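Residue-level structure breakdown
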Amino acid sequence: MSSITKHAQLACLTFLVFVAAFVCGTGCVRAPSDRTEDGRILVEYWEKWTGFEGDAMQAVVDDFNRSQDRIFVRKLTVSNIDHKMMLATAGGNPPDLAGLWSHNIPVYAEKGALTPLNRLLEEAGITRDDYIPVFWDLCQLRGFMWALPSTPASVALHWNKKMFRDAGLDPERPPRTIEELDRMGEQITLVEVKRNGKKERIRFTELTDEERASHSFDIITLGYTPSEPGWWNAVWGYWFGGRLWDEDRKITANSPENIEAFTWFQGYTKKYGLNNLRKFGAAFGNFASPQNPFLAGQVAMVMQGVWMYNFIDKYAPELEWAVAPFPSRDPEKWPNVTMVECDVLVIPRGSRHEREAFEFIKYVNTQPAMEKLNLGQRKFSALATTSDDFIRSHPNRYIETFLALARSPNAIPVPRISVYNEYVDEMSVAADRIFNLLATPEVALGDVQARMQWKFDRVLRRWDLIKDDRLKEWSAEQ
Amino acid sequence: MTKREWREFFTGLGFISPWIIGFLAFVLYPVGASIYYSFCDYDVLTRPVWIGTLNYQDMFTDEVFWKSLRNTLYFAAVSLPFGLVLALLVAILLNQKVKMRPGFRTIYFLPSLVPVVASSMIWLWILNGRFGLLNYALSFIGVEGPNWLSDENWTKPSIILMSLWGVGGSMVIYLAALQDVPRELYESAEIDGASSWTKFRHITVPMISPVLYFNLIMGIIGSLQVFAQPFIMFGGGGTNRSALFYAVYLYQNAFQYNQMGYACAMAWVLFIIILFLTWLATKGTRKHIYYAGE
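Keep in mind the model is a prediction, meaning the values are calculated, not measured. Each chain has its residues counted from 1, following the order in which its sequence is written. The lettering of chains begins at A and the numbering of ligands begins at 1, in the order of writing. pLDDT decides what is reported in this predicted model: residues at 70 or higher carry local features, side-chain atom pairs at 80 or more are listed and counted, and totals for whole chains, interfaces and linings draw on all residues regardless.

**A closer look at the sheet that holds strand S7 (residues 190-195) of chain A**
Residue and element names in this part refer to chain A. Strands were regarded as paired on the criterion that DSSP finds at least two bridges between them. Segments assigned H or I by DSSP are reported as helices when at least four residues long, segments assigned E as strands when at least two residues long, and all are numbered from the N terminus. Spatial strand order, S8-S7-S9: three strands in an open sheet with antiparallel pairing. A strand with exactly one partner marks an edge of an open sheet, and here the two such strands are strand S8 (198-203) and strand S9 (217-221). Adjacent strand axes in the sheet meet at a mean angle of 30°, parallel and antiparallel pairs treated alike. With four bridges joining them, S7 and S9 adopt antiparallel strand pairing. Opposite valine 193, over in S9, you have phenylalanine 217 as the bridge partner. Angles shown run from 0 to 180 degrees and are taken between the N-to-C directions of axes, each axis being a line fitted to C-alpha atoms and, for helices, limited to the stretch in contact.

**Observations concerning the pairing of strand S11 (residues 321-324) of chain A**
All names here are of chain A. Around each residue's C-beta, the other C-beta atoms within 10 Å are counted; 20 or more make the residue buried, 12 or fewer make it exposed, and counts in between make it partly exposed. All C-beta atoms are placed from the backbone. Across the two faces of S11 the burial differs, with Trp321 and Val323 buried and Ala322 and Ala324 not buried at all. Examined bridge by bridge, strand S6 (residues 148-160) and S11 share four bridges and lie antiparallel to one another. Looking at S11, one finds that tryptophan 159 is bridged to alanine 322.

**Points about unusual backbone geometry**
Excluding glycine, residues mostly carry a negative phi; peptide bonds, for their part, are mostly trans. With an omega dihedral of 5°, the bond running from glutamate 228 of chain A to proline 229 of chain A counts as a cis peptide bond. Relative to the helices and strands, proline 229 of chain A resides in the loop between S9 and helix H10 (256-272). Not every positive phi belongs to a glycine, and histidine 215 of chain A is a case in point at roughly 55°. Along the polypeptide, histidine 215 of chain A turns up in the loop between helix H9 (209-214) and S9. Owing to 19 C-beta atoms within 10 Å, histidine 215 of chain A belongs among the partly exposed residues under this scheme. Despite not being glycine, asparagine 258 of chain B has its phi angle at roughly 55°, a positive value. Structurally, asparagine 258 of chain B is set in the loop between helix H14 (246-256) and helix H15 (260-285).

**Describing the packing of helix H4 (residues 63-94) of chain B against helix H12 (residues 209-224) of chain B**
Residue and element names in this part refer to chain B. Put simply, H4 and H12 touch, their axes get as near as 9 Å, and they point 145° apart. Note on packing geometry: the crossing formed by H4 with H12 is right-handed. Residues Thr72, Phe75, Ala76, Ser79, Leu80, Gly83 and Leu84 of H4 pack against Asn215, Leu216, Gly219, Ile220, Ser223 and Leu224 of H12. In this count, Pro and Cys sit with the nonpolar residues alongside Ala, Val, Leu, Ile, Met, Phe, Trp and Tyr, while Asp, Glu, Lys and Arg are called charged and the others, Gly among them, polar. Broken down by class, the residue content of the contact of H4 with H12 amounts to seven nonpolar, six polar and no charged. Left-handed is the label given to a crossing in which the near helix is rotated counterclockwise from the far helix by less than a right angle, and right-handed is the label when the rotation is clockwise. Two residues qualify as being in contact provided that their C-beta atoms, derived from the backbone, are within 7 Å of each other.

**Some words on the domain arrangement of chain A**
Residue and element names in this part refer to chain A. Boundary definitions for the domains trace back to an automatic or database domain assignment. For chain A, the assigned domains read domain 1 (33-153 + 341-413 + 466-476) and domain 2 (155-340 + 417-459). Measuring from the centre of the C-alpha atoms in domain 1 to the corresponding centre in domain 2 gives 32 Å. Between domain 1 and domain 2, the contact holds 24 residues from the first and 21 residues from the second. Of all the elements in the fold, those that place two or more residues in the side of domain 1 that touches domain 2 are helix H4 (105-110), S6, strand S12 (338-346), helix H16 (399-407) and strand S13 (411-413). At five residues, the largest contribution of residues to the side of domain 1 that touches domain 2 is made by H16. Tallied by class, residues from the side of domain 1 that touches domain 2 come to 15 nonpolar, five polar and four charged.

Structural data, given as structure tokens:
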């Protein structure tokens, strides 16, 4: 045999081995069996939680797997789950079941990446009456149901009782209006000024008008600032009676209510001084650390969600704290305002076992499982009824406040629009400009309005083109 | 070609087939597809819909696009010349006969080995407005440092500063080139009474000009594609989007806003910009580059 032929053979072999590896590497991924060794149907479940939140869900999964012998749910923790699910679904290889956030529903549903659940819900006899209405509505879009809740959340004012007491305030009496919040915040705020060449620590309220106007002080502790934790930039308008959209086709970023809210927001920069706030803010540690400014006693009041208990418990168990509804501008008109969002369970389009996946969703939405999960994650139940036992055994003694807020008529859901991610980003840029005194609220929110309406129109144009086909397709699946 | 030559040709192809298949599947196809998607409304989840040049037209009116482009060009225009000069300077210093030379070389090269995520996290602390090391150091000379990370005028300089910290990579390439300059050229220049500057200007620079050119081109490409540091340090772009760079905005469109078509169009515009600048750099420097082999 000539050496060339030998080479040719070797070359062919290289080629074949590579092609075989390539084909197996891509094509055969699907092949692993969708059955367990003992013949149960395997439901692949992607979820975002880690740590104790992950453990709480795993316990529910284990209960489900023990409760019957037909289906086996395998939970896999996945980071950046919304991105990964998008790519997996686009690639035709999604999980059978996934845990997303309710704000993902509009994008995924409109783009045909989720399975509508109406028929399955009907068969199971699950209706809106079984839930706190706002959480059911968060799972709905264009007349179809796309998910069921797993863990819900609402937000409220958290305050540091010791800092109230030190400032001579009643530690059991939180602010009830925005004006009170501002005033009490000033009373708690401790600053350092130079008087006659000597540094003095006094309350903000003890500053002279001149010292206030020139901002010639350093902030030591702060009563309140809306820039901490900086997560609520998009939603301040809610506490002033504003909304982010008209529930149809119009963005309302620069409504008078939103402008009023951001004028209040900017008032904090004007009051305490941009450089003072920046310098004070630079000292904050990570959110999930003992250096979190609320946990470290640097900021006395903060708006936070039901999850905050976990961080207090872990990083600052000694903290004296309490929870109340975040004050609105006019509590007569708008009592118990809160923002609600929830984690949801969805069945991606292309799931191999829709019915079996739904069996699990249904199980999670029974009262015992829902309460076990939310007790484990220290949140509350999205179901209409909550057992006394749940409230009694809940480690967060303010859990009823969060529950009551979620049931309030002023519990405002995350806007169900598919440009929500951009909207939040744009509002954050606007809030930044407003906070840094680079633009007036009118200008900054006007820019958001123009840009977001343009983007929203573009999405709606596309939706209008495919609407009929999509609705038909979804109805056919019923 | 003869039969034998054909056979050799296919044999050769067979041997490099792993690379060819990989290239076709993972480079050529995606690149080709991205051209097509750039003319489509495409969100990854649904079928792409042909919309002609709308994505490209949108770019003209998209203020954030222009802002990200301006930020990126500013970054490139400042960090690139500074980086090139600094790397050369350090390389020349490290090429002198000093004690502990290998030790110094290692120290200056080390930062470029630190993973970008780790170095970004370190810089977040160095640049912290209140407790940062940099502002602490500045306080010794009576300067009250700015809030590097939250003041919109200082976010870009922060990233530039960081990029200069990592010049070790191009420094090593200069160093290799400097060691390759024939000693006899310096010796004959010295006999003729040339000063240090003259030697540098007329011997060192021409002799290492191909490497200068290489670092320039790689610098242009690298600085226009800057992504990891600003993405880690400023996420959405920092105060008033002052640190929103082109690649970060592209990523946002592709993976956060479901606008893969627009992102593809942005990628092609960036490609054309880089191509143009590279061509410009090549044309501008052609006469000044000396290749010993030519």
